[in-house]
Structure formats: C-alpha cells, structure tokens
Amino acid sequence: MNAPFRLVQGSSGPRQQSPTTCGSACATVARMLVDAPFARWVTSGEGHPVPGAEGATAAERFAAWERVVHARTNGWRAPGGGFVLAWPQALGTPPWGLKHELEHGAARVGTRYRVMSVRAHSEESLRARYRRLLDLVVDGEPAVLYVGNRLLPRHVTLVLPGERPDVLEVYEPASGTVQVLDEEAFAHRRLRLGGWSVPWILVQPTGHRRVHDAAPAPSAWRVPRLAPEPDLLREAGR
C-alpha cells in the first residue's frame with residue numbers, strides 16, 4: 001500500500017495548472033494531505049476513480065480537480081445550501097471560498113477556519129501572528145496565505161507545519177516547491193513566494209473543532225469517501 005501523501009521542505013509537489021488557480025491548487029494539495037485514497041488517485045491513478053478528477057496523467061487529474069474547486073469556491077452556492085458572494089474566476093480564488101473548501105474536506109474533519117486581513121499589521125503584530133500560526137497549524141490543519149505587492153494580493157500559498165516546532169513551511173503552487181516560511185521575512189514583508197513579498201490575508205484554523213456525533217449530510221463539496229477518515233468559535237489568545 002502506498003504511503004500517505006506528504007510535503008516537506010525541499011520536496012517537489014504538484015504545480016498549479018493555470019495562471020488563476022493558485023488557490024485551487026492549494027486546496028487540492030490540502031485535500032491530498034488528509035485524504036489518502038484521493039491523493040493516491042490523483043498521483044498514480046490507482047484505486048477508485050474520483051469523479052471530477054479524470055485524466056490519463058497526474059497533471060491532468062490534478063488540473064481537472066483544480067477546475068472543480070475553482071468553480072465551487074467562486075460560485076454562488078455555499079456548502080450545505082445557501083448563497084455566498086460569487087467571484088470572477090479570472091481574479092483567482094476568494095478567501096471565503098477557500099475557507100469553505102478547507103472546512104468541507106480539505107482539512108481534518110471538524111476543523112474550523114477564519115479569514116483575517118494582515119496587510120495593515122505592524123512588524124510586531126506580524127511576528128505575533130506568525131507565532132500564533134505555530135500553535136494553530138498542525139498536520140491536517142494548514143493555513144492559507146495570500147501574498148502580493150503593496151497594492152493588491154496576487155498569489156495564494158499553503159502554510160504547513162515545519163520540521164521544528166519554531167518554524168513553518170509553505171507550499172508555493174507556481175513552482176510546486178516547499179520552503180521555510182521565515183519569520184523575519186514575514187514580519188518585514190520580504191517574502192519570496194511566486195515573486196510576491198507582502199502578506200495580505202490569512203485563512204487560518206481557529207484552534208477549535210466541531211465534532212459530529214452523527215454522519216454529516218452529503219455535500220457537493222466533498223469527494224465520495226473511499227476509506228474511513230481517521231458553532232464557529234472565536235479564536236482564543238490572539
């Protein structure tokens with residue numbers, strides 16, 4: 001049996017398959033990290049086929065799922081019913097769409113997320129935010145970091161736990177690489193992620209989980225499970 005899909009510093013992961021799907025690539029990789037049968041199908045084409053992730057190669061299957069994710073994160077319908085603000089696909093992925101995606105299958109079951117703007121934070125506040133992420137980001141519960149220039153957010157990356165407890169790592173979908181997310185570079189807005197340096201928005205775990213005693217209702221945002229899987233609360237201790 002294949003080992004679970006993992007990404008660590010220095011490894012080469014999937015690359016985004018279009019100029020506007022960096023967010024969708026991050027969501028797809030996040031799902032691969034928590035759903036082994038899904039990851040196995042995307043990477044090797046083995047196991048039960050996943051509807052929406054068809055293709056003859058890993059790149060084709062990854063690109064197909066990117067399109068599925070992009071359509072629903074940018075659409076009108078929210079998971080579980082209701083409506084959200086639609087967003088043009090040509091402008092990338094909105095943070096509220098990634099929040100819903102993470103909460104509905106792309107992170108550990110029950111993990112809750114919040115969207116936070118960090119563009120106007122001071123250096124001290126950015127350091128505090130980085131250290132808070134060290135506590136919140138664990139295996140199966142990544143964060144999403146939007147980066148850009150001084151004027152606009154332009155790119156989406158996936159923040160992962162590091163090999164040491166005092167370091168975070170980041171998956172950069174344009175290159176498919178995993179590198180250290182340096183605290184100094186984060187605090188001084190000197191990141192080098194896909195050519196962008198300024199942190200803009202975080203979609204981060206709250207540190208709380210909603211536990212379901214009964215099986216959840218089917219959702220169009222979920223991949224049909226091929227194997228068992230091992231009220232929004234305010235984040236404490238900002």
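Rules of the game
Throughout, a residue's number is its position along its own chain's written sequence, starting from 1. Totals for whole chains, interfaces and linings use every residue, but because this is a predicted model, local features are given only for residues with pLDDT of at least 70 and side-chain atom pairs only at 80 or more, for both listing and counting. Excluding hydrogens and water, the side-chain figures rest on all heavy atoms present in the structure. The numbering of helices and of strands both runs from the N terminus, where a helix is a DSSP run of H or I of at least 4 residues and a strand a run of E of at least 2. Note on exposure labels: buried denotes an accessible area under 20% of the residue type's maximum, exposed denotes more than 50%, and partly exposed covers the range between, all computed with a 1.4 Å probe on protein chains only. Here the expected span of a helix is defined as 1.5 Å times the quantity of residues minus one. As used in this structure description, the phrase polar contact means that two N or O atoms lie within 3.5 Å; if the pair is within protein, one of them must be able to donate a hydrogen and the other to accept it, and residues adjacent in sequence are counted only when both atoms belong to side chains. Working rule for contacts: check all heavy atoms of both residues, and any pair within 4.5 Å makes them a contact. Any two strands with at least two DSSP-identified bridges between them are counted as paired. For the purposes of this section, nonpolar cores are sets of buried Ala, Val, Leu, Ile, Met, Phe, Trp, Tyr and Cys residues that join through side-chain atoms within 4.5 Å. Angles run from 0 to 180 degrees between N-to-C directions of axes, and those axes are lines fitted to C-alpha atoms, restricted for helices to the stretch in contact. Oblique is the label for any angle not covered by the other classes, which are roughly parallel (under 35 degrees), roughly antiparallel (over 145) and roughly perpendicular (65 to 115). Should the near helix be turned counterclockwise from the far one by less than a right angle, the crossing is left-handed, whereas a clockwise turn marks it as right-handed. Gly is put with the polar residues, along with every residue not named as nonpolar or charged; the nonpolar set is Ala, Val, Leu, Ile, Met, Phe, Trp, Tyr, Cys and Pro, and the charged set is Asp, Glu, Lys and Arg.

Participant: It is not clear to me how the environment of Val50 should be interpreted in this structure. Could you clarify?
Facilitator: Its place among the elements puts Val50 in the loop between helix H2 (36-44) and helix H3 (58-73). A residue is classified by how much of its surface remains accessible, and Val50, at 2% relative accessible area, is buried.

Participant: Before we go on, may I ask you to explain H3 in this structure?
Facilitator: Structurally, the α-helix is built with 3.6 residues per turn, so residues lying three or four positions apart point the same way. Helix length check: H3, at 16 residues, gives a terminal C-alpha distance of 22 Å against a target of 22 Å (1.5 Å per residue), a fit within 8%. Restricting attention to buried positions, one finds in H3 the residues Arg61, Phe62, Ala63, Ala64, Trp65, Glu66, Val69, His70, Arg72 and Thr73.

Participant: Teacher, can you tell me more about the side chain of Thr21 here?
Facilitator: Within the secondary structure, Thr21 sits in the segment before helix H1 (22-34). We classify Thr21 as buried; its relative accessible area is 5%. Within the structure, the side chain of Thr21 is placed 3.0 Å from the side chain of Ser18, a separation counted as a polar contact. With residues near it in sequence (within four places) discarded, Thr21 still touches Gln16, Glu66 and His70.

Participant: Would you mind showing me how to read the pairing of strand E5 (residues 177-181) here?
Facilitator: Side-chain direction in a regular strand flips from residue to residue, so the side chains alternate between the two faces of the sheet. As paired elements, strand E4 (residues 168-172) and E5 share five bridges and run antiparallel to each other. Bridge pairing in E5 places Glu172 opposite Thr177. Two successive antiparallel strands, E4 and E5, enclose a turn made up of four residues, where Gly176 displays a positive phi of approximately 75°.

Participant: Where do I start with the nonpolar core in this structure?
Facilitator: Leu102, Val144, Tyr146, Leu158 and Tyr171 are the most contacted members of the largest nonpolar core, which has 34 residues in total. Counting residues per element, the ones that place at least two in this core are H1, H2, H3, helix H4 (95-106), strand E2 (143-148), strand E3 (153-161) and strand E6 (198-209). Sort the elements by how many residues they give to this core and H1 lands first, with seven residues. Apart from residues no more than four positions distant in its own chain, Val144 is found in contact with Leu98, Leu102, Val156, Thr157, Leu158, Ile201, Leu202 and Val203. By size, the runner-up hydrophobic cluster in this structure holds 19 residues, among which are Val118, Tyr130, Ala143 and Val170.

Participant: What's the story with the packing of H3 against H4 in this structure? I'm lost.
Facilitator: What describes two packed helices is the angle between their axes and the distance between those same axes. Closest axis-to-axis distance for the H3/H4 pair is 9 Å, and the angle between their directions is 120°. The angle between H3 and H4 places the two elements in the oblique class. Note that H3 runs across H4; the crossing there is right-handed. Taking contact as the criterion, the partners of Val69, Arg72 and Thr73 in H3 are, on H4, Gly97, Leu98 and Glu101. For the contact of H3 with H4, the per-class residue count stands at two nonpolar, two polar and two charged.

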